[in-house]
Every structure is written in C-alpha cells, then in structure tokens.
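Here is what each chain is made of, one letter per residue.
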Amino acid sequence: MANDDMVTGFTLFPTEIGSCGIAWGGDGIVGVWLPEADELQTRGRILAALPSAHEASPPSEVRAVVDALVVLLRGEDSDLAFAELDMERVSAFERRVYEATRAIPAGATLTYGEVAAQLGQPGAVRAVGQALGRNPFPLVVPCHRVLAAGGKDGGFSAPGGVVTKRRLLAIEAARLSGQGELFGNDPDADVAPGSN
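Notes on the structure follow. Quick caveat, the model's predicted, so the values are computed rather than measured.

Conventions and cut-offs
Residues numbered from 1 in each chain as written. Predicted model: local features only at pLDDT ≥ 70, side-chain atom pairs only at ≥ 80, totals over all residues. Heavy atoms only, no water. Phe/Tyr/Trp six-rings, centres within 6.5 Å; stacked < 30°, edge-to-face > 60°. Helix = DSSP H or I, 4+ residues; strand = E, 2+ residues; numbered from the N terminus. Buried < 20%, exposed > 50% of the residue type's maximum accessible area, 1.4 Å probe, protein only. Pairing = 2+ DSSP bridges. Axes fitted to C-alpha atoms, helices over the stretch in contact; angles between N-to-C directions. Contact = heavy atoms within 4.5 Å.

## Describing the packing of aromatic side chains
Here is step 1: A full pass over the atoms with the stated rule returns 1 aromatic pair.
Here is step 2: Taken together, a centroid distance of 6.4 Å and an interplanar angle of 85° make the contact between tyrosine 98 and phenylalanine 137 edge-to-face. Here the residue tyrosine 98 occupies a position in helix α3 (residues 92-102), and phenylalanine 137 occupies one in the loop between α5 (125-133) and β5 (146-147), the gap between them amounting to 39 residues. Of the two residues, tyrosine 98 and phenylalanine 137, both sit in the buried class.

If you want it as structure tokens, here you go:
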C-alpha cells in the first residue's frame with residue numbers, strides 16, 4: 001500500500017482472536033489486519049502501511065464489515081460478499097486472484113493450483129501464492145481457505161503464520177459441524193486444519 005492519500009481512517013476492534021484493524025477510504029476498505037501480540041503492535045503495523053491514516057470512528061458501511069468480521073471470528077455464519085474493497089493498490093492479476101478467493105465459501109478450501117486453474121493460468125501457482133501472501137484484505141479475501149497441493153497448509157503471511165491459518169479454518173469447520181465454542185479463551189489452542 002504505497003499510496004495512502006485516499007485513506008480517510010482506520011480503527012481497531014476486538015474479536016475472539018484479538019484486536020483486529022481495518023482502514024478505509026472513499027472507494028471502500030483499503031486494508032484489514034489480523035491481531036498482533038497487542039493493540040499497540042496492530043496499530044503500529046497499520047501506520048507502517050498507511051502513515052497518513054488517522055484513527056477514527058468508521059462510517060456505517062465500514063461498521064457493517066467490522067460487525068460481520070466479529071461474527072465470523074466468533075464462529076458464526078457471516079457473509080462478507082457485500083464489503084466494498086478499494087483495489088486501486090493491487091495489480092490486475094492480484095485483483096483476479098482476490099475475486100476468485102472471495103468466492104470460496106466458509107468451510108471449503110481450494111489449492112493454489114485450483115485457483116490458478118480457475119483463472120485460466122494453471123502455470124501461475126507460485127504467482128497465486130505470492131498474490132495471496134500480499135493480500136491486504138485477510139478474512140474479507142479469505143486467503144486462509146487456499147492450501148498447498150495435497151491439502152497441506154502452505155504458508156500464511158498474517159501474524160501467527162500457519163497456526164493462525166489453522167485456527168481460522170477450525171473456526172469455520174466448528175461452525176459447520178455444529179461444535180460451537182472451539183477454543184474457549186485460549187488463544188494458543190492447538191487446532192487441526194479444516195478438511196474439505
């Protein structure tokens with residue numbers, strides 16, 4: 001996110017996995033941040049990406065996205081398809097990868113190769129992985145639902161790495177299986193990846 005001239009604000013918000021962040025501008029959401037070790041570090045990561053952003057109360061359309069994210073991370077059904085994303089800062093290829101990834105429903109997964117094939121570029125597996133590694137909209141663009149070949153975890157660039165990826169998949173799997181509360185209040189709970 002090199003150019004943050006159009007960013008009007010950001011806010012932090014509490015979730016079941018910690019304090020997340022979201023930034024917005026006139027054309028929609030410009031970024032979503034998963035929790036760092038504490039709010040100060042999450043805020044610092046946002047300001048490192050968007051130095052001229054300022055903390056503010058979100059407008060109603062952003063508040064609706066925040067509410068949907070909180071519900072999702074509580075393990076409840078939450079559709080984020082309505083969220084308007086400002087993709088001015090991403091390449092045309094990344095935009096296509098993010099659009100394909102947004103279509104993966106909760107509880108389902110695809111491999112990097114399957115996403116590349118959907119784009120009509122089966123040889124672009126590595127490029128898909130790199131695009132998802134730069135995903136500025138985690139959860140809204142659910143890159144945690146994209147796995148390496150053979151259903152292996154693959155990487156995950158968000159704080160906590162693959163452990164966070166497994167946790168997000170487990171939250172969705174628990175909702176779909178009716179397990180309800182999966183982690184209690186233990187943020188370091190050892191979870192198995194969701195299966196598809």
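Additional details are given in the paragraphs that follow.
## Concerning the sheet that holds strand β1 (residues 7-15)
Here is step 1: What the 3 strands build is an open sheet, ordered β1-β2-β3; its pairing is antiparallel. Edge positions in the sheet fall to β1 and β3 (28-33), since each of these pairs with one other strand and no more. Mean inter-strand twist for the sheet, computed between neighbouring axes without regard to direction, equals 20°.
Here is step 2: Where β1 lies against strand β2 (residues 18-25), 8 bridges are found, and the strand directions are antiparallel. Bridge pairing in β2 places valine 7 opposite glycine 25.
Here is step 3: Of the strands in this sheet, β1, β2 and β3 are in contact with helix α1 (residues 39-49), which crosses β1 at around 155°.

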